[in-house]
Amino acid sequence: MTEQEPTVERGGLVGVVIACVIIGAIAVGATMKIGPTPSTTPAKPVPAIATEDYGRRLIAQTAEYIGPDQADSAKRYTGARLSCGSCHLATGTETGTLTLMQVTEHYPRFSGRQGTQTDIEDRINECMQRSMNGKPL
């Protein structure tokens with residue numbers, strides 16, 4: 001009887017970082033295109049550039065940044081108070097729970113629902129519309 005050596009997956013954290021940066025960049029771009037609107041309560045701050053930290057916060061606190069809890073109504077993209085972390089547990093780092101690990105290795109790919117090749121940006125917007133009851137970024 002031989003023992004199996006543990007396998008080490010490489011690049012998993014890199015995939016999560018890249019996914020966080022992509023989601024953050026999409027959100028930053030979407031809020032910059034619309035521009036500021038007057039609000040009585042302060043809006044969640046959006047950094048000038050997308051960072052890993054902002055991407056993680058966006059996944060964990062989606063409703064506060066781009067959802068119904070966002071003070072600036074022009075920056076509300078989701079209709080639900082769910083966060084991306086509602087499905088992508090531990091900000092997408094938990095294997096087997098809609099992980100974002102190694103996401104760059106999965107896209108572009110064929111989408112049976114759309115019947116065409118899709119990239120990660122399309123997939124995020126599809127989730128925004130279908131799962132989050134919102135609009136595309």
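Residues numbered from 1 in each chain as written. Predicted model: local features only at pLDDT ≥ 70, side-chain atom pairs only at ≥ 80, totals over all residues. Heavy atoms only, no water.

Colleague: Would you explain the pattern of salt bridges in this entry?
Modeller: A side chain of one charge can pair with a side chain of the opposite charge when the charged atoms of the two come close. One pass over the structure, following the stated rule, counts six salt bridges. For Asp-53, the salt bridge is made with Arg-57, and the minimal N-O distance between the two is 3.1 Å. Placement of the pair is Asp-53 and Arg-57 together in helix 2 (residues 52–60), with a separation of four residues, close to one helical turn. Across the pair Glu-126 and Arg-113 runs a salt bridge, and its minimum N-O distance is 2.6 Å. Within this pair, whereas Glu-126 is found in helix 5 (residues 120–130), its partner Arg-113 is found in the loop between strand 1 (109–111) and strand 2 (116–118), the two being separated by 13 residues in sequence. When its relative accessible area of 9% is taken as the criterion, Glu-126 is described as buried. We classify Arg-113 as exposed; its relative accessible area is 56%. A single network of salt bridges, built from pairs that share partners, joins Arg-113, Arg-123 and Glu-126. (Salt bridge = Lys/Arg side-chain N within 4 Å of Asp/Glu carboxyl O. Helix = DSSP H or I, 4+ residues; strand = E, 2+ residues; numbered from the N terminus. Buried < 20%, exposed > 50% of the residue type's maximum accessible area, 1.4 Å probe, protein only.)

Colleague: Before we go on, may I ask you to explain the side chain of His-88 in this structure?
Modeller: Here His-88 is to be found in the loop between helix 3 (62–66) and helix 4 (89–92). A relative accessible area of 18% means that His-88 is categorised as buried. A polar atom in the side chain of His-88 sits 2.4 Å from the backbone oxygen of Leu-98. With sequence-adjacent residues up to four places away left out, His-88 is seen in contact with Thr-97, Leu-98 and Leu-100. (Polar contact = N/O pair within 3.5 Å; in protein donor to acceptor, adjacent residues only side chain to side chain. Contact = heavy atoms within 4.5 Å.)

Colleague: What's the story with the packing of aromatic side chains in this structure? I'm lost.
Modeller: The geometry of an aromatic ring pair comes down to the distance between the two centres and the angle between the two planes. Summed over the entire model, instances satisfying the criterion amount to one aromatic pair. When the ring of Tyr-54 is compared with that of Tyr-65, the centres are 5.5 Å apart and the planes differ by 85°; the resulting orientation is edge-to-face. Separated by eleven residues along the polypeptide, Tyr-54 in helix 2 and Tyr-65 in helix 3 bring together distant segments of the chain. By the burial criterion, Tyr-54 is buried, and Tyr-65 matches it. The side chain of Lys-135 reaches across the aromatic face of Tyr-77, ending 5.2 Å from its centre. (Phe/Tyr/Trp six-rings, centres within 6.5 Å; stacked < 30°, edge-to-face > 60°. Lys NZ or Arg CZ within 6 Å of the ring centre and 35° of its normal.)

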